[in-house]
Number of protein chains: 2
Amino acid sequence: MIPHVNSPQNNTKVYVEIVKQLRFMIEHNGLNPGDRLPSERELSERLGVGRSSVREALRAIELLGLIETRRGEGTFIRDFRGNQLVQLLSTFILQDKKSIRDVKETKFLIELDCLWLIVQKAEKDQLLTFKKWALEADYTDDDYFLEVVTLADNHLFLRIWMILKDYFNSLDLKIIKVSKSEYAELIDALISKNESEVIRVYRNLRKLSKS
Amino acid sequence: MIPHVNSPQNNTKVYVEIVKQLRFMIEHNGLNPGDRLPSERELSERLGVGRSSVREALRAIELLGLIETRRGEGTFIRDFRGNQLVQLLSTFILQDKKSIRDVKETKFLIELDCLWLIVQKAEKDQLLTFKKWALEADYTDDDYFLEVVTLADNHLFLRIWMILKDYFNSLDLKIIKVSKSEYAELIDALISKNESEVIRVYRNLRKLSKS
DNA sequence: AGCCCACAGTGGTCAGACCAGTTTAATTTC
DNA sequence: GAAATTAAACTGGTCTGACCACTGTGGGCT
C-alpha cells in the first residue's frame, strides 16, 4: 500500500512528513539522479495531502539542491554528488567569528577521530601506499590530513574537516612545520593499530600538550 | 521603501527571491536569534506576493534549521551560529545508507570527543550537579547528551551535534533505551577523569561493539 | 487582586483557480 | 505515407480564500 502521511498522533508537520516520504521513495524505488519524481498533483493525491504541502516539501528540498524542477516537464532528482550546492547556500554563511579555539579544537579532534576510524577500518596495503607517498611526495599539512580524513571513509567528517581547514587557513596562523619522518611515524602507529600510540604521536605532531 | 519581489526580468522563482529578502531583512534590521519575523500574512503583503510563496520560502529555510516556527506565536530566528554546517549536512539528506552510517558514526564520535573535552575542562561541581539531575530528572537521550555537549564548552561541536541530532531524529530509527544508572555511571567515569573508563562506559551505553 | 473567557492574531492545511510552459496525439497538408 | 500543424493533456508557478488549532491579550466578572 501507498504510505499515507496521515499517521496516528502525527505531531510533525505535513511537509516534513512528505520530505521523509520522498526520501523513502527515492531509496526504495531506486531512483537515480536524472530520474523524474511523480508530479505534484500525483504526490498530493497518493499521499493524501494538499498540493501546497507537497510544494512546501519540494521547495525545501530544492533549496537544498537535491532536486531540480522544470516547468512543464516535472521534478527531477539532481546529481548532488558534486557539491555545487555549496555555492547556492553559501549566501547564508554569516562569518562566524566565534572563538578560534573552538575551531582549532574541533579540527584537531576530528583529525583524531579519523585516525581512530582508520585504525578500525583501513586495509594495511592502503596504509603502506600512504606511507610510501608520505615519505616521497611533496605535500602540505593539509594535503596529508586530507588523505587521512579520506582514508577514514566518512564523508561527513570529510566535509566538516574541509570547511574547518578552509576557515583555519583564512586566519593567518603560523603553521607548525612537521618533518616527513613525523608524518611517517604517525602512519606507522596506524599500521600497528595501537590506539594510544596513535594518539601520542598525533599530539606530539600537533605539538599539543598532554591536556 | 520596502523592496518588492517583483523585480524586472525576474527569472528566479518567487520563493527564492523571498529567501533572499528574508536574509536581507535579518542582516539589515539586525535581527538576532530569538527575534520574531513578521507574520506570513504581513510578509505576503509587504513583499507583494501570495502567502503560499512566503510559506514555501519559510519552510525551506526552516528545513535548513535557520528559523523555528511556533503555531499561534510566530516565526523566530534560530540560534544558528556555525550554520555553514547546515549546508554540508544538507547534502546528506536523501542519501544512501552509507551516509546514514556516516551520520551515526560522526554523531557518536563527537559525543565521545565532548566527553573527552569534559574530562579536560569541566569543574567537578558542574559534574556533580549534572549527576544529580541525571538521577532525578526526567529526560530523553537527546536531553542528556545536549547537556554533555554543552558541558564540553565548544560551541562548534554543539552546533554540529545539534544538526546531527535533528537529522538523526528525522530518520525513524529505533531508540535504544538506556537506564538512569547507566547515564549516571558515565558521569562517574567523567568525574574520575579516567579516559579509558569513559570510553568503555560510553561504548557500552551506546551498545557499540568494541569495533 | 485574581480568574475566566471571548477575540484577534498566527501558523498549518486544503481546495480551486489561473497562468506559462512542455509533451503527446490527433489532424491536416503535402 | 510522411511531414508539418494544431489541439489537448500535463506539469510546475502563483494567488486567493477558506478553515482549523493554537497562543496571547484584554475586558469583564467575582
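Anything mentioned here points back to the structure above.
So, how was this worked out
Residues numbered from 1 in each chain as written. Chains lettered and ligands numbered in written order. Predicted model: local features only at pLDDT ≥ 70, side-chain atom pairs only at ≥ 80, totals over all residues. Heavy atoms only, no water. Core = buried A, V, L, I, M, F, W, Y, C linked by side-chain atoms within 4.5 Å. Buried < 20%, exposed > 50% of the residue type's maximum accessible area, 1.4 Å probe, protein only. Contact = heavy atoms within 4.5 Å. Near = heavy atom within 4 Å. Polar contact = N/O pair within 3.5 Å; in protein donor to acceptor, adjacent residues only side chain to side chain. Helix = DSSP H or I, 4+ residues; strand = E, 2+ residues; numbered from the N terminus. Nonpolar A, V, L, I, M, F, W, Y, C, P; charged D, E, K, R; others polar. Axes fitted to C-alpha atoms, helices over the stretch in contact; angles between N-to-C directions. Parallel < 35°, antiparallel > 145°, perpendicular 65-115°, else oblique. Left-handed = near helix turned anticlockwise from the far one by under 90°.

### Focus: the nonpolar core
- If you look at the biggest cluster of nonpolar residues, it comprises 78 residues, and the most contacted ones within it are Tyr144(A), Phe145(A), Leu186(A), Tyr144(B), Phe145(B) and Leu186(B).
- In this structure Leu186(A) touches Leu115(A), Tyr144(A), Phe145(A), Val198(A), Val201(A), Tyr202(A) and Leu205(A), once residues within four positions along its chain are discounted.
- Core analysis: the next-biggest nonpolar cluster, separate from the first, contains 38 residues, Leu43(A), Val49(A), Ile61(A) and Met25(B) among them.

### Some thoughts on the protein's contact with DNA strand D
- Around DNA strand D, 25 residues are found, and the nearest of them are Glu40(A), Arg51(A), Lys13(B), Val14(B) and Ser53(B).
- Among the atoms of DNA strand D lying within 4 Å of the protein, the sugar-phosphate backbone contributes 64%.
- Contacts to DNA strand D include Lys13(B), whose side-chain N or O atom sits 2.7 Å from a phosphate oxygen.
- Contact distances for DNA strand D include 2.9 Å between a phosphate oxygen and a backbone N or O atom of Gly50(B).
- Broken down by secondary-structure element, the contributors of at least two residues to the surface near DNA strand D are α2 (40-47), α3 (51-63), β1 (67-70) and β2 (74-77) of chain A together with α3 (51-63) of chain B.
- In terms of residue class, the surface near DNA strand D is made up of 2 nonpolar, 9 polar and 14 charged.

### Looking at the packing of helix α2 (residues 40-47) of chain B against α3(B)
All names here are of chain B.
- In the contact formed by α2 and α3, the axes pass within 8 Å of each other and the chain directions differ by 115°. Regarding the angle of α2 to α3, the classification is roughly perpendicular. Where α2 crosses over α3, the two elements pack in a sense that is right-handed. Every residue of α3 that contacts α2 at Glu40, Arg41, Leu43 and Ser44 is listed here: Arg51, Val54, Arg55, Leu58 and Arg59.
- In terms of residue class, the contact of α2 with α3 is made up of 3 nonpolar, 1 polar and 5 charged.

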